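# Structural features, examined
Here is how the chains run, residue by residue.
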Amino acid sequence: MESYEREALEAITTRPVHNYRTLTLERITPVLGAEISGVDLSENLSAEQLEEIRTAFRDHHVLVFRDQTISIEDHKRFASAFGELRPVNPAPPEGDPYILEIRTTSAAANVAGNGWHADGTADAEPSLGSMLYITEIPEPGCGGDTLFANMHLAYDMLSPTMRALLDQLTAVHDGAKALAGYTPPADYVIPKTEQPLVARHPETDRKLLYVNKAYTSRVPQLAARESEALLDMLFDTIACTPVLHCRVRWTPGTLVFWDNRCVQHHATYDYYPFARYGQRVAINGGAVKG
Ligand code: SIN
């Protein structure tokens, strides 16, 4: 391990873990994710509970709430405590405009989110976070986990020279890249936005790597071949560095809340011929801060 990689890991793994009064928190790894217990999401949460969940979200970025029995209204109420709800785009043909159904059956050729990405990064104002509530899982031991990766650490573990180069660049995020193989409704306007390649988290101001394989198509300051080589190197770093990752194994009634600003996720399609079903609500974020 290079000295700057060790320094980045030391900085993140030696952070003190907050003491909570209204919930119990157990980390998934020292760098990403936490299981939260002692919170019933079907109830109106107190201001203190919500404040502690905000603190846990800021520190761990992926929060897992198990054994929840919630309605669509409970799901939306919990999400709206963190910001304005984000309508599903393209809008679902029927049902609630804020509920994205994540449904896989044995007939699926592929599944939504089966590749590293953050939600909505081609939008001028990408999503703050997503809450996925899974109610049907493949048989126990038959897969369907979701992987998450910490983009603060992905940036911090790069060499100082690489970080200095990336700090000066932007990247184009193109919704057309993510659509590959799917034809959207005729009136869908495909989003495309230039974002800082290194962003800052709006709440902590910490830097993070802001490119993802599903949406990021080009670094406009570089020649096409240079851009492709640089982006491929960064995508490989995200996918092939396990210390950046945590893994959530779903059980029915689990809700996971992740931060789209500093975390990427990858839904693993390894459970054919089993089915998986869940509902996702997303929260609006602001413009990406460079
Ligand atoms: C997604 O939001 O990309 C889907 C995640 C999942 O199904 O685990």
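In this report, we go over the structure that sits alongside the text. Worth saying up front: this structure is predicted, and the values here are computed from it rather than measured. (Residues numbered from 1 in each chain as written. Predicted model: local features only at pLDDT ≥ 70, side-chain atom pairs only at ≥ 80, totals over all residues. Heavy atoms only, no water.)

## A few points about the site of the ligand
Close to the ligand lie I102, G113, H117, D119, L132, T146, W258, H265, A267, R276 and R280. One of the side-chain nitrogen or oxygen atoms of T146 is found 2.5 Å away from an oxygen atom of the ligand. Here the ligand, which alone exposes 260 Å², has 99% of that area covered by the protein. Secondary-structure elements contributing two or more residues to the shell around the ligand are β15 (263-267) and β16 (276-284). Taken together, the residues of the shell around the ligand sort by class into 4 nonpolar, 4 polar and 3 charged. (Near = heavy atom within 4 Å. Polar contact = N/O pair within 3.5 Å; in protein donor to acceptor, adjacent residues only side chain to side chain. Areas by Shrake-Rupley, 256 points an atom, 1.4 Å probe, with all protein chains shown as cover. Helix = DSSP H or I, 4+ residues; strand = E, 2+ residues; numbered from the N terminus. Nonpolar A, V, L, I, M, F, W, Y, C, P; charged D, E, K, R; others polar.)

## Digging into the sheet that holds strand β13 (residues 245-248)
Ordered in space as β13-β7-β15, the 3 strands form an open sheet in which the pairing is antiparallel. The open sheet terminates on both sides in strands that have one partner only, identified here as β13 and β15. Each adjacent strand pair in this sheet contributes to an overall mean axis angle of 20 degrees, direction not counted. (Pairing = 2+ DSSP bridges. Axes fitted to C-alpha atoms, helices over the stretch in contact; angles between N-to-C directions.)

## Here we look at the environment of A11
For A11, the position within the fold is in helix α1 (residues 3-13). Take A11: its relative accessible area is 49%, and that puts it in the partly exposed class. As for A11 and L41, which are separated by 30 residues in sequence, their C-alpha atoms are 33 Å apart. (Buried < 20%, exposed > 50% of the residue type's maximum accessible area, 1.4 Å probe, protein only.)

## Remarks on helix α7 (residues 224-239)
Taking 1.5 Å per residue as the helical rise, α7 with its 16 residues ought to reach 22 Å, and the 22 Å between its terminal C-alpha atoms agrees with that figure. Those residues of α7 that fall on the buried side of the exposure criterion are S227, L230, L231, L234, F235, T237 and I238. The buried residues of α7 occupy an angular sector of 155 degrees when projected down its axis, which confines them to one face. Facing away from the buried side of α7 by more than 90 degrees, the exposed set consists of R225 and E228. (Expected span 1.5 Å × (residues − 1). Arc of directions from axis to C-beta.)

## Examining the packing of aromatic side chains
Using the criterion set out here, one finds 7 aromatic pairs in the structure. Centroid distance F78 to F82: 5.4 Å. Interplanar angle 90 degrees. Geometry classified as edge-to-face. We note that F78, like F82, is buried. On the basis of an interplanar angle of 75 degrees and a centroid distance of 4.9 Å, the ring pair of Y269 and Y271 is categorised as edge-to-face. You'll find Y269 and Y271 in the same group, each marked buried. (Phe/Tyr/Trp six-rings, centres within 6.5 Å; stacked < 30°, edge-to-face > 60°.)

## Here's the deal with the sheet that holds strand β8 (residues 170-174)
Pairing between the strands of a sheet comes from backbone hydrogen bonds, and it takes one of two forms, parallel or antiparallel. The 3 strands are arranged β9-β8-β12 in an open sheet whose pairing can be described as antiparallel. On the outer flanks of this sheet lie β9 (192-196) and β12 (216-218), each paired with one strand and no other. Across the sheet, the mean angle from the axis of one strand to that of its neighbour is 45 degrees, orientation sign disregarded. Bridge analysis of β8 against β9 gives 5 bridges, and the strand direction is antiparallel. Within β9, the position partnered with H173 by the bridge is T193.

## Here's the deal with the side chain of K76
Topologically, K76 is positioned in helix α3 (residues 72-80). By relative accessible area, which is 14% here, K76 ends up buried.

## Quick word on the environment of R206
Of note, R206 is situated in the loop between β10 (198-200) and β11 (207-209). Overall, the relative accessible area of 27% leaves R206 in the partly exposed class. In sequence terms R206 and S71 are 135 residues apart; their C-alpha atoms lie 35 Å from each other. In this structure, R206 is in contact with I12, R15, H61, H152, D156, A199, R200 and H201, ignoring residues within four places of it in sequence. (Contact = heavy atoms within 4.5 Å.)

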